[in-house]
Amino acid sequence: IPGLARFCFISAALVLMLLVEVAAIEGLIFYHAPSAALVVIVATIFGSTASIVFRLTQPARPLEEIGEIGRPSHSVALQGLMLITIVVGAALLLPVFRIGATAGAFVAALAAFVIVVALAKNQHADDVPDCAAAAGKAAEVATLLAVLAIVRTP
């Protein structure tokens, strides 16, 4: 039964996130459709990055467990990915929404990612793809909501 309860909770959370995402997109389209397209692009980029980062960092394993041959860590690749994400997101959002909405989008996406990581810290290795998808979707929804909230604030 705990597995069924967990499945129901996760399903309900995903449905809720999808409903919030659709409402946020509708609100952004009502505000200004071309600008909404930019926010959706940035949210998708943030979601993809969050999903990739989750897959590469969870479950964290020490290098000695990976094998005899020393492999370089993912930290350089992750730093490059995050830098590219920040530059692309800023280049798309700053000209249209200015610093407030852009910073809000970055902070919201990061906060959503951290919340999913905290909730999924004891997941099994088989659950990593599902948790990575949840981290990506949470980052997308948080980005859309943050921009909508800041844009709609008088």
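Just so it is clear, the structure is predicted and the values come from calculations on it, not from any experiment. (Residues numbered from 1 in each chain as written. Predicted model: local features only at pLDDT ≥ 70, side-chain atom pairs only at ≥ 80, totals over all residues. Heavy atoms only, no water.)

Help me understand the overall build of the chain, please; the structure alone is not making it clear to me.
Each helix and strand in the chain was counted, giving five helices and zero strands. Traced from its N-terminal end to its C-terminal end, the chain shows the element sequence α-α-α-α-α. By the burial criterion, 34% of the 154 residues in the chain qualify as buried. Surface accessibility of the chain: about 9,400 Å² in total, with carbon and sulfur atoms responsible for 73%. (Helix = DSSP H or I, 4+ residues; strand = E, 2+ residues; numbered from the N terminus. Buried < 20%, exposed > 50% of the residue type's maximum accessible area, 1.4 Å probe, protein only. Areas by Shrake-Rupley, 256 points an atom, 1.4 Å probe, with all protein chains shown as cover.)

Sorry if this is basic, but what is going on with the layout of surface pockets here?
Over the atoms, a rolled probe matching the size of one water molecule traces out where space is still vacant. Taken as a whole, the largest pocket holds about 780 Å³ of empty space. In this structure, the largest pocket is lined by 25 residues; those nearest its centre are Phe9, Ile10, Val116, Cys131 and Ala134. The leading source of residues in the lining of the largest pocket is helix H1 (residues 2–31), at eight residues. Each residue belonging to the lining of the largest pocket can be placed in one class, and the counts come to 16 nonpolar, four polar and five charged. (1 Å grid on protein atoms, 1.4 Å probe; cavity = no way out; pocket = protein on both sides within 12 Å on 5 of 7 lines; lining within 4 Å. Points joined across faces, edges and corners; volume = space filled by probe spheres on them. Nonpolar A, V, L, I, M, F, W, Y, C, P; charged D, E, K, R; others polar.)

Help me understand a nonpolar patch on the surface, please; the structure alone is not making it clear to me.
Residues Phe9, Ile10 and Leu14 make up a contiguous nonpolar surface patch of about 290 Å² in total accessible area. As for its position among the elements, Ile10 is in helix H1. (Patch = residues over 30% accessible without salt bridge, like charges linked within 9 Å, V, L, I, M, F, W, Y side chains within 5 Å. Salt bridge = Lys/Arg side-chain N within 4 Å of Asp/Glu carboxyl O.)

Sorry if this is basic, but what is going on with the pattern of salt bridges here?
Where side chains of opposite charge bring their charged atoms close, a pairing between them can arise. Under the counting rule described, the total for this entry stands at two salt bridges. For Lys137, the salt bridge identified is with Glu21, shortest N-O distance 3.0 Å. In this pair, Lys137 is assigned in helix H5 (residues 128–152) and Glu21 in helix H1, connecting sequence segments 116 residues apart. Across the pair Glu140 and Lys137 runs a salt bridge whose closest N-O atoms are separated by 3.3 Å. In this pair, Glu140 and Lys137 are both assigned in helix H5, three residues apart and thus about one turn of the helix distant. In this structure Glu140 comes out as buried when scored by relative accessible area, which is 15%. Overall, the relative accessible area of 21% leaves Lys137 in the partly exposed class. Each member of the salt-bridge network shares a partner with another, and the members are Glu21, Lys137 and Glu140.

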